[in-house]
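Next come the chains, spelled out residue by residue.
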Amino acid sequence: MASGSGANGGQVVTRFAPSPTGYLHLGGARTALFNWLFARHHGGKALLRIEDTDQKRSTQDAIDKIIEGLDWLGLDFDGDPVFQSQRADRHREVALQLLESGNAYKCFATSEELEAMRAEQRAKKLPMRYDGRWRDRDSAEAPEGTPFTIRLKTPTEGETVIEDAVQGRVTVKNAEIDDYIILRADGTPTYMLAVVVDDHDMGCTHIIRGDDHLNNAFRQLPVIRAMGWDEPVYAHVPLIHGADGAKLSKRHGAVGVEAYRDELGVLPEALFNYLLRLGWGHGDQEEFTREQAIALFDIDGVGKSASRFDLKKLEHLNGHHIREADDARLARLVADEIGGEVDLDLLERAMPFLKMRAKTTHELAEGAAFLFAERPLEMTDKAAKLLDDDGRSRLSLVSNALAAENDWTSEALEATLKSLAEAHELGLGKLAQPMRAALTGTTISPGIFDVLVLLGREESLARIDAQAVPAAD
Ligand code: GLU
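Going along each chain's sequence as written, the residues are numbered from 1 onward. Owing to the predicted nature of the model, reporting of local features is limited to residues with pLDDT of at least 70; listing and counting of side-chain atom pairs is limited to 80 or more, with chain, interface and lining totals taken over all residues. Values shown for side chains rest on all heavy atoms present in the structure; no hydrogens or waters enter the calculation.

Caption draft 1: Representation of the overall build of the protein in the model. For the protein, the count of helices and strands is 18 helices and 12 strands. A radius of gyration in this sense is built from C-alpha atoms; the matching globule rule multiplies 2.2 Å by the number of residues raised to 0.38. Taking 473 residues into account, the globule formula puts the C-alpha radius of gyration at 23 Å, and the protein, at 32 Å, lies well above it. Taken along the three principal axes of its C-alpha coordinates, the protein extends 115 × 45 × 35 Å. Only protein chains enter the accessibility calculation, which uses a 1.4 Å probe. A residue is then buried if its area is under 20% of the maximum for its type, exposed if over 50%, and partly exposed in between. Every one of the 473 residues in the protein was classed for burial, and the buried ones make up 48%. Should any heavy atoms of two residues lie within 4.5 Å, those residues are counted as being in contact. Put simply, 75% of the contacts in the protein that link residues at least 6 apart link residues at least 24 apart. Charge-centre separation for the protein: the mean point of 55 positive side chains lies 7 Å from the mean point of 78 negative side chains. To qualify as a helix, a DSSP run of H or I must reach at least 4 residues; to qualify as a strand, a run of E must reach at least 2; elements of each kind are numbered from the N terminus. Under the convention used here, Asp and Glu are negative, Lys and Arg are positive, and both His and the chain ends fall outside the count. To locate a charge, take atom NZ for lysine, CZ for arginine, CG for aspartate or CD for glutamate.

See the structure below:
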């Protein structure tokens, strides 16, 4: 039975171990989130390890993007990241230890020989795996100076059982696990060995990762057992699929998390909430703050089936988190989106009205555009239609009434416009519609009295007068 808690006094230690070959995509971000939450929930540590051993595919740019993405999501991992590439000596040391203890052996098979072996297996429709030809042979049989790899001596009989915290009991026949290479002929360690050594040295008690690594767990366990190390608890989380049910790929917009911010206008706490719900549940609750997530998250809430990416749901959650967010912070975000010189104070005052209906920060910025529009305002087609002769002559009534208004508050303006509407036996909408068009250039905006207050007396009257039919002489 996996214990995973012996070595460090019971403290939970998790790790997120991305290979820096691209962006921090949704799947990676969710793995990071689950590891982070699990550690925070249990008062443990969440560590970050950059698996940069594949020097050809790893880039500094990808490392930076991953770290920025984690920062943006507010996933603060503990301590400095561990770089796997810097630990090759230690990995080699373990390989040699395994050799010494008889749990690994030298394999002198040449690549031509191994290719011939595989060709034969293919022809016989046998599974392609190393056949153990050097497992019981004496190294002395190899000619002097022949290069060799070091292979792990994995058990050949029986089966290995993993009690996975998400997948449940998973059993694999040991005969299916071949004696894989842990140290290459050039002395470099393989990825499979490096992962296990690093997990052990970092004191990881729980390995939470995508279920595409479940097979690897069966290859990694023999190293752990041969070294006599504590076995971690494994939790292999199902992958994320696109709305069409296929594994999430670039085609589904599986881009870096920053694209959700830049292209969709998503807040980090909304993506955090969304990723949390993607594969984990707590009753039928949809909305979670970070604090609630930390308090409630545990592995037993992680489902066994693949989850589907659902843009509508992400937008819905984003709208919720926008309404919850601090107005000054939203104002700064929106000012950045709008660019140039923007009156932050005005934006902040407008935010309570703008955020009522916005699902993205882009929609907030669109909604705020009227505040900074220059006269003459550009009109949408719908707004232009409202400014027909009738509409414009109603605006001149409004203009006169507002010019006489001393109290420029939402309440007073409402009272004034209501009595104006009544005096002319018009519904209030008949006044408000052309006003909205004249004041915002659109047909969708915050309440018309709030718009007047936000724009202020002078600007409001100027915009109305620009569209009103001039009073007949
Ligand atoms: N580096 C691997 C990846 O990015 C993860 C390895 C692991 O979690 O064990 O898929």
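Continuing now.
Caption draft 2: Summary view of the nonpolar core. In this structure, Leu 271, Leu 402 and Met 435 are the most contacted members of the largest nonpolar core, which totals 92 residues. Element by element, the count of residues in this core is highest for helix H1 (residues 26-41), at 9 residues. Filtering out sequence-adjacent residues up to four positions away, Met 435 remains in contact with Leu 395, Val 398, Leu 402, Leu 417, Ile 448, Leu 452 and Ile 464. We define a nonpolar core as any set of buried Ala, Val, Leu, Ile, Met, Phe, Trp, Tyr and Cys residues linked to one another through side-chain atoms lying within 4.5 Å. Residues Leu 152, Val 170, Ile 177 and Tyr 234 belong to the second largest nonpolar core, which totals 31 residues.

Caption draft 3: Quick peek at helix H6 (residues 214-227). Expected span of a helix: the number of residues minus one, times 1.5 Å. Between its first and last C-alpha, H6 extends 21 Å over 14 residues, near the 20 Å set by a 1.5 Å rise per residue. At any given residue, the bend is defined as the angle formed between two axes, one fitted to the seven residues that end at that position and one fitted to the seven that begin there. Most pronounced at Gln 220, the bend in H6 amounts to some 30 degrees, and the proline Pro 222 follows within four residues. Within H6, the full set of buried residues consists of Leu 214, Asn 216, Ala 217, Phe 218, Gln 220, Leu 221, Pro 222, Val 223, Ile 224 and Met 227. The positive-phi residue at the C-terminal boundary of H6 is Gly 228, with phi of around 70 degrees.

Caption draft 4: Up close: the pairing of strand E6 (residues 159-164). Burial along E6 is one-sided: Thr 160, Ile 162 and Asp 164 are buried, while Glu 159, Val 161 and Glu 163, pointing the other way, are not. Two strands qualify as a pair provided DSSP detects at least 2 bridges between them. Across 6 bridges, E6 lies against strand E7 (residues 168-173) in antiparallel orientation. The residue bridging Val 161 from the neighbouring strand is Thr 171, located in E7. Taken together, E6 and the strand that follows it, E7, pair antiparallel across an intervening segment of 3 residues.

Caption draft 5: Structural detail: the site of the ligand. Residues are labelled near a given molecule or strand when at least one of their non-hydrogen atoms is within 4 Å of it. Around the ligand, the neighbouring residues are Arg 15, Ala 17, Pro 18, Ser 19, Glu 51, Tyr 191, Val 195, Arg 209 and His 213. Nitrogen and oxygen atoms within 3.5 Å of one another constitute a polar contact, given that in protein one can donate a hydrogen and the other can accept it, and given that sequence-neighbouring residues count only through two side-chain atoms. At 2.6 Å, a side-chain N or O of Glu 51 approaches a nitrogen atom of the ligand. A distance of 2.7 Å separates an oxygen atom of the ligand from a polar side-chain atom of Arg 209. For the accessible areas, the method is Shrake-Rupley and the probe is 1.4 Å, while residue cover comes only from the protein chains on display. Protein coverage of the free-state accessible area of the ligand, which is 300 Å², stands at 80%. Three residue categories are used. Nonpolar comprises Ala, Val, Leu, Ile, Met, Phe, Trp, Tyr, Cys and Pro, charged comprises Asp, Glu, Lys and Arg, and polar comprises the others, including Gly. Classifying every residue of the shell around the ligand gives 4 nonpolar, 2 polar and 3 charged.

Caption draft 6: Fine view of the side chain of Arg 436. With respect to the element layout, Arg 436 can be found in helix H17 (residues 428-440). Here a salt bridge means any side-chain nitrogen of Lys or Arg lying within 4 Å of a carboxyl oxygen belonging to Asp or Glu. Among buried charged residues, Arg 436 stands out as having no salt bridge; its nearest opposite-charge side chain is Asp 450, 8.3 Å away. A polar contact of 3.3 Å, which involves the side chain of Arg 436, links it to the backbone oxygen of Pro 446. With near-sequence residues (within four places) excluded, Arg 436 lies in contact with Gly 441, Thr 442, Thr 443, Ile 444, Ser 445, Pro 446, Gly 447 and Ile 448.

Caption draft 7: View of the confidence of the model for the protein. One number per residue, pLDDT, summarises how confident the predictor is, and it ranges from 0 to 100. Summing up the model confidence of the protein, the mean pLDDT is 94 and the portion of residues at 70 or higher is 96%. Predicted confidence for residues 1-6 stays below pLDDT 50, and this span has 12 contacts to residues more than four positions away or in other chains.

Caption draft 8: The packing of helix H16 (residues 410-423) against H17, seen in detail. The geometry of H16 relative to H17 is characterised by a closest axis approach of 8 Å and an angle of 120 degrees between their N-to-C directions. Between H16 and H17, the angle falls in the class oblique. In this structure, H16 contributes Leu 417, Lys 418, Leu 420 and Ala 421 to the contact, and H17 contributes Leu 428, Leu 431 and Met 435. When the residues that make up the contact of H16 with H17 are grouped by side-chain class, the tally is 6 nonpolar, no polar and 1 charged. To obtain an axis, a line is fitted to C-alpha atoms, over the contacting stretch when the element is a helix, and the angle between two such axes runs from 0 to 180 degrees between their N-to-C directions. For this classification, under 35 degrees means roughly parallel, over 145 means roughly antiparallel, 65 to 115 means roughly perpendicular, and everything else is oblique.

Caption draft 9: Focus on the pattern of salt bridges. If you walk through the whole model with that rule in mind, you get 33 salt bridges. Taking the shortest distance from any N to any O, the salt bridge between Asp 78 and Arg 40 comes out at 3.2 Å. Here the residue Asp 78 occupies a position in the loop between helix H2 (60-73) and strand E3 (82-83), and Arg 40 occupies one in helix H1, the gap between them amounting to 38 residues. For Asp 78, a relative accessible area of 24% gives the class partly exposed. Overlapping salt bridges, with partners in common, bring together Arg 15, Arg 49, Glu 51, Arg 87, Arg 90, Glu 93, Asp 198, Asp 199 and Asp 201 in one network.

Caption draft 10: View of the packing of aromatic side chains. A pair of aromatic rings is counted whenever rings of Phe, Tyr or Trp (Trp by its six-membered ring) have centres within 6.5 Å, and the orientation is called stacked for planes under 30 degrees apart, edge-to-face for over 60 and tilted otherwise. Scanning all chains against the criterion turns up 9 aromatic pairs. With centroids separated by 5.6 Å and ring planes inclined at 35 degrees, the aromatic side chains of Trp 280 and Phe 297 adopt a geometry described as tilted. Within this pair, whereas Trp 280 is found in the loop between helix H8 (268-277) and helix H9 (290-296), its partner Phe 297 is found in the loop between H9 and strand E12 (307-308), the two being separated by 17 residues in sequence. Chaining the aromatic ring pairs together yields one cluster made of Phe 34, Trp 280, Phe 288 and Phe 297. Remark: a charge is flagged as sitting over a ring if the NZ atom of Lys or the CZ atom of Arg is within 6 Å of the ring centre and within 35 degrees of the ring normal. Here Lys 106 stacks its cationic end above the ring of Phe 148, 4.6 Å away from the centre of that ring. Residue placement shows Arg 261 over the ring face of Trp 72; its charged tip is 5.7 Å from the ring centre.

Caption draft 11: Local environment of the sheet that holds strand E2 (residues 45-50). With parallel pairing, 3 strands are arranged side by side in an open sheet as E1-E2-E3. Whereas interior strands pair on both sides, the edge strands pair on one side only; in this sheet they are strand E1 (13-16) and E3. Note: E2 against E3, 2 bridges, orientation parallel. When the bridges of E3 are listed, Arg 49 appears paired with Val 82.

Caption draft 12: Structural detail: the environment of Val 12. Here Val 12 lies in the segment before E1. Considered as a pair, Val 12 and Gly 203 are 191 residues apart in the sequence and their alpha carbons are 8.9 Å apart. Once residues within four sequence positions are removed from consideration, Val 12 is found in contact with Phe 38, Ala 39, His 42, Gly 44, Lys 45, Thr 205 and His 206.

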